[in-house]
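# Structural description and commentary
The lines below spell out each chain.
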Amino acid sequence: EDQVTQSPEALRLQEGESSSLNCSYTVSGLRGLFWYRQDPGKGPEFLFTLYSAGEEKEKERLKATLTKKESFLHITAPKPEDSATYLCAVPSNSGYALNFGKGTSLLVTP
Amino acid sequence: KAGVTQTPRYLIKTRGQQVTLSCSPISGHRSVSWYQQTPGQGLQFLFEYFSETQRNKGNFPGRFSGRQFSNSRSEMNVSTLELGDSALYLCASSLRHSQETQYFGPGTRLLVL
(Lines give C-alpha, C1' and ligand atoms only; values in the text may rest on other atoms or scores of the structure.)
Protein backbone atom coordinates (compact mmCIF):
# COMPACT_ATOMS: atom_id res chain seq x y z
CA GLU A 1 0.00 0.00 0.00
CA ASP A 2 1.22 3.46 -0.86
CA GLN A 3 2.22 5.42 2.16
CA VAL A 4 3.62 8.87 2.77
CA THR A 5 4.58 9.76 6.34
CA GLN A 6 5.69 13.18 7.48
CA SER A 7 7.43 14.00 10.71
CA PRO A 8 7.23 15.76 13.01
CA GLU A 9 3.51 16.58 12.96
CA ALA A 10 4.25 19.98 14.44
CA LEU A 11 7.42 21.97 14.92
CA ARG A 12 8.01 25.20 16.75
CA LEU A 13 11.20 27.12 16.01
CA GLN A 14 12.66 30.38 17.12
CA GLU A 15 13.46 32.82 14.35
CA GLY A 16 16.88 31.90 12.98
CA GLU A 17 16.82 28.35 14.37
CA SER A 18 17.42 25.97 11.46
CA SER A 19 15.77 22.56 11.27
CA SER A 20 14.57 19.83 8.90
CA LEU A 21 11.23 18.26 8.08
CA ASN A 22 11.04 14.64 7.00
CA CYS A 23 8.92 12.87 4.40
CA SER A 24 9.27 9.10 4.06
CA TYR A 25 7.49 7.06 1.40
CA THR A 26 6.92 3.44 0.51
CA VAL A 27 5.77 3.70 -3.11
CA SER A 28 7.81 1.63 -5.50
CA GLY A 29 9.45 3.13 -8.56
CA LEU A 30 9.35 6.74 -7.46
CA ARG A 31 8.26 9.04 -10.26
CA GLY A 32 8.69 12.31 -8.45
CA LEU A 33 8.29 13.76 -4.99
CA PHE A 34 6.52 17.07 -4.51
CA TRP A 35 6.72 19.62 -1.72
CA TYR A 36 3.98 22.15 -1.09
CA ARG A 37 3.41 24.90 1.43
CA GLN A 38 -0.09 25.57 2.71
CA ASP A 39 -1.21 28.61 4.68
CA PRO A 40 -4.38 28.36 6.80
CA GLY A 41 -7.55 28.43 4.70
CA LYS A 42 -5.64 28.51 1.42
CA GLY A 43 -4.70 26.02 -1.26
CA PRO A 44 -1.28 24.35 -1.28
CA GLU A 45 1.44 26.34 -3.01
CA PHE A 46 3.92 24.37 -5.09
CA LEU A 47 7.53 24.50 -3.89
CA PHE A 48 9.66 21.74 -5.43
CA THR A 49 9.64 18.58 -7.48
CA LEU A 50 12.46 16.05 -7.02
CA TYR A 51 12.90 13.06 -9.31
CA SER A 52 16.02 11.14 -8.38
CA ALA A 53 18.04 10.23 -5.30
CA GLY A 54 20.71 12.80 -4.62
CA GLU A 55 18.80 15.63 -6.22
CA GLU A 56 18.58 18.92 -4.33
CA LYS A 57 16.58 22.08 -4.97
CA GLU A 58 16.65 25.42 -3.19
CA LYS A 59 14.38 28.38 -2.86
CA GLU A 60 15.24 31.21 -0.49
CA ARG A 61 15.61 29.61 2.97
CA LEU A 62 14.31 26.21 1.86
CA LYS A 63 16.29 23.30 0.47
CA ALA A 64 14.75 19.97 -0.47
CA THR A 65 16.77 16.77 -0.77
CA LEU A 66 15.83 13.26 -1.86
CA THR A 67 17.07 9.76 -1.05
CA LYS A 68 15.63 6.41 -2.11
CA LYS A 69 13.40 6.25 0.97
CA GLU A 70 12.80 9.79 2.11
CA SER A 71 13.03 13.48 1.45
CA PHE A 72 14.04 16.31 3.74
CA LEU A 73 12.99 19.92 3.65
CA HIS A 74 15.72 21.93 5.33
CA ILE A 75 14.80 25.37 6.62
CA THR A 76 17.78 27.64 7.23
CA ALA A 77 17.43 30.65 9.53
CA PRO A 78 13.63 30.65 9.33
CA LYS A 79 11.52 33.78 9.67
CA PRO A 80 7.98 34.08 11.07
CA GLU A 81 6.62 34.28 7.52
CA ASP A 82 7.82 30.70 6.97
CA SER A 83 5.12 29.55 9.37
CA ALA A 84 2.79 27.23 7.44
CA THR A 85 1.97 23.58 6.93
CA TYR A 86 4.41 21.80 4.64
CA LEU A 87 3.05 18.90 2.63
CA CYS A 88 4.85 16.28 0.62
CA ALA A 89 3.30 14.04 -2.02
CA VAL A 90 4.26 11.20 -4.33
CA PRO A 91 2.48 9.74 -7.35
CA SER A 92 0.26 6.86 -6.29
CA ASN A 93 1.06 3.36 -7.52
CA SER A 94 -2.51 3.25 -8.79
CA GLY A 95 -1.34 5.24 -11.80
CA TYR A 96 -3.19 8.41 -11.02
CA ALA A 97 -3.33 11.18 -8.43
CA LEU A 98 -0.84 12.17 -5.79
CA ASN A 99 -0.69 10.65 -2.30
CA PHE A 100 -0.22 13.39 0.24
CA GLY A 101 1.25 13.13 3.69
CA LYS A 102 -0.61 14.70 6.63
CA GLY A 103 1.87 17.55 6.71
CA THR A 104 4.16 19.25 9.23
CA SER A 105 2.76 22.35 10.86
CA LEU A 106 5.64 24.79 11.33
CA LEU A 107 5.47 27.78 13.65
CA VAL A 108 8.36 30.23 13.70
CA THR A 109 8.29 32.69 16.57
CA PRO A 110 10.14 36.03 16.67
CA LYS B 1 -0.22 33.71 -16.15
CA ALA B 2 -3.31 33.57 -13.97
CA GLY B 3 -3.49 30.81 -11.41
CA VAL B 4 -6.24 28.34 -10.67
CA THR B 5 -9.44 30.00 -9.59
CA GLN B 6 -12.31 28.48 -7.64
CA THR B 7 -15.77 29.77 -6.89
CA PRO B 8 -17.40 30.25 -4.56
CA ARG B 9 -14.84 30.58 -1.79
CA TYR B 10 -17.28 29.82 1.01
CA LEU B 11 -20.56 27.97 1.18
CA ILE B 12 -22.98 27.10 3.94
CA LYS B 13 -25.54 24.41 3.19
CA THR B 14 -27.88 22.19 5.16
CA ARG B 15 -28.04 18.42 5.16
CA GLY B 16 -29.81 16.96 2.14
CA GLN B 17 -29.08 19.89 -0.14
CA GLN B 18 -26.78 19.72 -3.12
CA VAL B 19 -23.90 21.97 -4.09
CA THR B 20 -21.90 22.79 -7.22
CA LEU B 21 -18.34 24.07 -7.09
CA SER B 22 -16.47 25.58 -10.00
CA CYS B 23 -12.81 25.56 -11.03
CA SER B 24 -10.93 27.34 -13.80
CA PRO B 25 -7.49 25.83 -14.45
CA ILE B 26 -4.32 27.56 -15.52
CA SER B 27 -4.47 28.41 -19.20
CA GLY B 28 -3.14 25.49 -21.25
CA HIS B 29 -3.60 22.94 -18.48
CA ARG B 30 -5.88 20.14 -19.55
CA SER B 31 -5.94 17.95 -16.45
CA VAL B 32 -8.09 19.03 -13.53
CA SER B 33 -8.14 17.10 -10.26
CA TRP B 34 -10.34 17.59 -7.23
CA TYR B 35 -9.36 16.88 -3.63
CA GLN B 36 -11.17 16.97 -0.32
CA GLN B 37 -9.19 18.21 2.66
CA THR B 38 -10.25 17.65 6.25
CA PRO B 39 -8.22 17.95 9.48
CA GLY B 40 -8.49 14.23 10.18
CA GLN B 41 -7.95 12.74 6.73
CA GLY B 42 -5.73 15.28 5.05
CA LEU B 43 -5.90 15.64 1.28
CA GLN B 44 -7.90 12.92 -0.43
CA PHE B 45 -8.27 12.51 -4.18
CA LEU B 46 -11.80 12.76 -5.54
CA PHE B 47 -11.44 12.55 -9.31
CA GLU B 48 -9.52 13.76 -12.35
CA TYR B 49 -10.85 15.12 -15.62
CA PHE B 50 -9.02 15.38 -18.91
CA SER B 51 -10.49 16.36 -22.27
CA GLU B 52 -14.00 16.45 -20.82
CA THR B 53 -13.73 12.86 -19.56
CA GLN B 54 -13.39 11.55 -16.05
CA ARG B 55 -10.12 9.71 -16.22
CA ASN B 56 -9.78 8.56 -12.62
CA LYS B 57 -11.85 8.44 -9.48
CA GLY B 58 -10.97 8.13 -5.83
CA ASN B 59 -12.79 6.21 -3.14
CA PHE B 60 -15.80 8.46 -2.63
CA PRO B 61 -19.51 7.68 -2.91
CA GLY B 62 -21.50 8.38 -6.04
CA ARG B 63 -22.93 11.52 -4.44
CA PHE B 64 -19.71 13.16 -5.56
CA SER B 65 -19.60 13.82 -9.28
CA GLY B 66 -18.03 16.23 -11.67
CA ARG B 67 -17.62 17.30 -15.22
CA GLN B 68 -15.25 19.20 -17.45
CA PHE B 69 -16.06 21.57 -20.27
CA SER B 70 -14.33 22.05 -23.60
CA ASN B 71 -12.37 25.03 -22.20
CA SER B 72 -11.03 22.74 -19.41
CA ARG B 73 -13.10 24.47 -16.73
CA SER B 74 -14.49 21.95 -14.30
CA GLU B 75 -17.34 21.64 -11.86
CA MET B 76 -17.93 19.21 -9.05
CA ASN B 77 -21.29 18.42 -7.55
CA VAL B 78 -22.18 16.90 -4.21
CA SER B 79 -25.74 15.74 -3.81
CA THR B 80 -27.64 14.91 -0.63
CA LEU B 81 -25.11 16.65 1.57
CA GLU B 82 -24.08 15.07 4.86
CA LEU B 83 -22.46 16.71 7.87
CA GLY B 84 -19.26 14.84 7.10
CA ASP B 85 -18.97 16.58 3.74
CA SER B 86 -17.86 19.74 5.52
CA ALA B 87 -14.35 20.29 4.20
CA LEU B 88 -12.06 22.40 2.05
CA TYR B 89 -12.50 21.34 -1.58
CA LEU B 90 -9.44 21.94 -3.67
CA CYS B 91 -9.06 21.98 -7.40
CA ALA B 92 -5.65 21.43 -8.98
CA SER B 93 -4.58 21.72 -12.58
CA SER B 94 -1.65 20.22 -14.45
CA LEU B 95 -0.56 20.08 -18.05
CA ARG B 96 -1.41 16.50 -18.90
CA HIS B 97 -2.09 14.24 -15.94
CA SER B 98 -2.57 14.12 -12.19
CA GLN B 99 0.84 12.62 -11.42
CA GLU B 100 2.89 15.59 -12.54
CA THR B 101 3.23 18.93 -10.78
CA GLN B 102 -0.20 20.13 -9.79
CA TYR B 103 -1.10 23.75 -9.10
CA PHE B 104 -3.86 24.30 -6.60
CA GLY B 105 -6.59 26.87 -6.37
CA PRO B 106 -7.53 28.66 -3.14
CA GLY B 107 -10.26 26.13 -2.37
CA THR B 108 -13.93 26.28 -1.52
CA ARG B 109 -14.76 25.99 2.17
CA LEU B 110 -18.03 24.05 2.53
CA LEU B 111 -19.88 23.92 5.81
CA VAL B 112 -22.84 21.57 6.08
CA LEU B 113 -25.23 22.26 8.96
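Residues numbered from 1 in each chain as written. Chains lettered and ligands numbered in written order. Predicted model: local features only at pLDDT ≥ 70, side-chain atom pairs only at ≥ 80, totals over all residues. Heavy atoms only, no water.

## Details of the overall build of chain A
- Along the backbone of chain A there are zero helices and 11 strands.
- Traced from its N-terminal end to its C-terminal end, chain A shows the element sequence β-β-β-β-β-β-β-β-β-β-β.
- Computed over the C-alpha atoms, the radius of gyration of chain A is 13 Å, within 12% of the 13 Å expected from 2.2 N^0.38 for a compact globule of 110 residues.
- Based on the C-alpha atoms only, the size of chain A along its principal axes is roughly 45 × 30 × 20 Å. (Helix = DSSP H or I, 4+ residues; strand = E, 2+ residues; numbered from the N terminus. Rg over C-alpha atoms; globule rule 2.2 N^0.38 Å.)

## Points about the nonpolar core
- Residues A:L33, A:W35, A:F48, A:L62, A:L73, A:Y86 and A:L106 are the most contacted members of the largest nonpolar core, which totals 23 residues.
- Broken down by secondary-structure element, the contributors of at least two residues to this core are β2 (10-14), β3 (19-25), β4 (33-38), β5 (45-50), β7 (62-66), β8 (70-75), β9 (84-91) and β11 (104-109) of chain A.
- Membership of the second largest hydrophobic core comes to 21 residues, among which are B:L81, B:A87, B:Y89 and B:L110. (Core = buried A, V, L, I, M, F, W, Y, C linked by side-chain atoms within 4.5 Å. Buried < 20%, exposed > 50% of the residue type's maximum accessible area, 1.4 Å probe, protein only.)

## Section: the pairing of strand β5 (residues 42-50) of chain B
Residue and element names in this part refer to chain B.
- For β5, the tally of buried residues reaches eight of nine residues, placing the bulk of the element in the interior.
- Joining the antiparallel neighbours strand β4 (residues 31-38) and β5 is a turn of three residues.
- Between the antiparallel neighbours β5 and strand β6 (residues 53-57) lie two residues, among them S51 with a positive phi of about 50 degrees. (Pairing = 2+ DSSP bridges.)

## Some remarks on the confidence of the model for chain A
- Mean pLDDT over chain A stands at 93; residues scoring 70 or higher make up 98%.
- Model confidence for chain A, summarised as mean pLDDT per element, is weakest for strand β10 (residues 98-100) of chain A at 91 and strongest for β11(A) at 98. (pLDDT = per-residue confidence, 0-100.)

## Here we look at the sheet that holds strand β7 (residues 64-68) of chain B
All names here are of chain B.
- Strand order across the open sheet formed by four strands is β1-β3-β8-β7, with antiparallel pairing between neighbours. A strand with exactly one partner marks an edge of an open sheet, and here the two such strands are β1 (5-7) and β7. Strand-to-strand twist of the sheet, defined as the mean angle between neighbouring strand axes without regard to direction, takes the value 20 degrees.
- With three bridges connecting them, β1 and strand β3 (residues 19-24) associate as antiparallel partners. The residue of β3 that forms the bridge with T5 is S24. (Axes fitted to C-alpha atoms, helices over the stretch in contact; angles between N-to-C directions.)

## Considering the side chain of B:R63
Residues and elements named next belong to chain B.
- Relative to the assigned elements, R63 resides in the loop between β6 and β7.
- Only 2.8 Å separates the side chain of R63 from the side chain of D85, close enough to count as a polar contact.
- Once you skip the residues sitting within four places of it in the chain, R63 turns out to touch N77, V78, S79, T80, L81, E82 and D85. (Polar contact = N/O pair within 3.5 Å; in protein donor to acceptor, adjacent residues only side chain to side chain. Contact = heavy atoms within 4.5 Å.)

## Focus on the pattern of salt bridges
Residue and element names in this part refer to chain B.
- Inspection of the entire model under this criterion finds 10 salt bridges over all chains.
- When the shortest N-O distance is used, the salt bridge between R96 and E100 registers 3.0 Å.
- Residue E100 is classed as buried on the basis of its relative accessible area, which comes to 11%.
- The network of salt bridges with shared partners includes R63, E82 and D85. (Salt bridge = Lys/Arg side-chain N within 4 Å of Asp/Glu carboxyl O.)

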